[in-house]
Amino acid sequence: MRVSPARAAVVGHPIGHSRSPDLHRAAYAVLGEDVDYAAHDLVEDQLPAFVDARRGDPAWRGLSVTMPLKSVAAACADELTGLGAAVGAVNTLLFRPGATVLGHNTDVAGIVGAVRAAGAVPAAPTAAVLGGGGTATAAVAAAGLLGAGRADVFVRSAARAERAVEAGRRLGLPVRLRPWEEAAGALAGYDVVVSTLPPHGADELAARLAATAPATAGVLLDAAYDPWPSALARAWEGAGGAVAPGLDMLIFQAVDQIRLFTGRSLGEPLPREQDVIAAMCTAVGRPIRVVPAVSRTRP
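Student: What is the right way to look at the nonpolar core in this model?
Tutor: The tendency in soluble globular proteins is for nonpolar side chains to be buried side by side. Ranked by size, the top nonpolar core spans 31 residues in total, and within it Val108, Ile111, Val115, Val140 and Leu221 carry the most contacts. When contributions to this core are tallied by element, the ones reaching two or more residues are helix 4 (82-87), helix 5 (107-118), strand 7 (127-130), helix 6 (134-145), strand 8 (151-155), strand 10 (192-195) and strand 11 (219-222). Considering each element in turn, this core owes the most residues, 7 residues, to helix 6. Residue contacts for Val140: discarding those within four places in its chain leaves Val129, Ala151, Val153, Ala164, Gly168, Leu173 and Val175.

Student: Just to check I follow, could you spell out the pairing of strand 7 for this structure?
Tutor: Within a regular beta strand, the side chains point alternately toward one face of the sheet and then the other, so they alternate between its two faces. What you see with strand 7 is no split at all: Ala127 and Val129 on one side and Ala128 and Leu130 on the other are buried throughout. In this sheet, strand 8 lies alongside strand 7 in parallel orientation, the contact comprising 4 bridges. Within strand 8, the residue paired with Ala127 across the bridge is Ala151. With respect to chirality, the unit in which strand 7 leads through helix 6 into the neighbouring parallel strand 8 is right-handed.

Student: Teacher, can you tell me more about the packing of aromatic side chains here?
Tutor: Geometrically, a pair of aromatic rings is defined through the distance of the ring centres and the angle of the planes. If you walk through the whole model with that rule in mind, you get 3 aromatic pairs. Note on Phe50 and Trp60: the rings are 6.3 Å apart at their centroids and 80 degrees apart in plane angle, and the pair reads as edge-to-face. One end of the pair, Phe50, is in helix 2 (residues 47-52); the other, Trp60, is in strand 3 (residues 60-65), and 10 residues separate them in sequence. According to the relative accessible area criterion, Phe50 is buried, its value standing at 10%. Aromatic pair Phe154 and Tyr190: ring centres 6.1 Å apart, planes at 90 degrees, arrangement edge-to-face. With Phe154 in strand 8 and Tyr190 in the loop between helix 8 (183-186) and strand 10, the pair connects residues that are 36 residues apart, well separated along the chain.

Student: Would you mind showing me how to read the confidence of the model for the protein chain here?
Tutor: Interpretation of this model should avoid reading the predicted coordinates in detail wherever pLDDT is low. Averaged over all residues, the pLDDT of the protein chain equals 93, while 96% of them reach at least 70. The low-confidence segment residues 293-299, where pLDDT is below 50, has 21 contacts with residues more than four positions distant or belonging to other chains.

Student: Would you mind going over the environment of Gly201 with me for this structure?
Tutor: Within the fold, Gly201 resides in the loop between strand 10 and helix 9 (203-212). Remark: the alpha-carbon pair of Gly201 and Ala231, spanning 30 residues in sequence, is separated by 9.6 Å.

Analysis parameters
Residues numbered from 1 in each chain as written. Predicted model: local features only at pLDDT ≥ 70, side-chain atom pairs only at ≥ 80, totals over all residues. Heavy atoms only, no water. Core = buried A, V, L, I, M, F, W, Y, C linked by side-chain atoms within 4.5 Å. Buried < 20%, exposed > 50% of the residue type's maximum accessible area, 1.4 Å probe, protein only. Helix = DSSP H or I, 4+ residues; strand = E, 2+ residues; numbered from the N terminus. Contact = heavy atoms within 4.5 Å. Pairing = 2+ DSSP bridges. Right-handed = clockwise from strand over helix to strand, strands pointing away. Phe/Tyr/Trp six-rings, centres within 6.5 Å; stacked < 30°, edge-to-face > 60°. pLDDT = per-residue confidence, 0-100.

Next up, the structure:
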């Protein structure tokens, strides 16, 4: 039974900075979908009760999940998609008939889409990931979808990258850990670089890149998008590379959430999909992007 208006929301802490309401509301307006999309500030121990209170409610379509709730969200789901299970964290909870909840990770598609929209990527790119936290697991999965034969993860502490290594093992993608100190001299040689560090987390690395000015034709996705451009993005562009902010990743990952929240399957085109993307880009002040079909991922 479909109920109007439907309800969906983004949850996380803090949540005031989230652009998800802008993206989703713009998309539903183009699609003509009556969806009330809100934001709820929740910490980890509040999420299970919040999810359980909405199980079986026909008005609720799903939740977008941001930090620090992605691991807890996986535990709240009754079932995970293959990608959600491989990554070990989910950013999407879908309320289904029978009061069950499906967990999925659309961050992977978001990274793939943002990278491909930013610049040309070889069929079998060399790929590097900066940082070993939760987003790094999605970046490893994205490297595999982009066709990389291995993901090199640059970290200060190997212990922090255990989840990324495990995600690679589940996906059949070798992960090689490299010392953080080697990043400045090595990054320019990669076709794809994904920085999963927090704002200003790569500023020292950016200064070293700017000082040496190595030439690169690679694509950098910096998951941090405030402030933008980041110091790392400026240094990468100065070396000749293409860049995408985390805001583009946010746009692309939201497309798959919108598919699910409007009753469609992953990989199924939205009606007027390019108009939907254009409206989302406009809502957050980004140039209009085109969704590459290869960025779509199935459960």
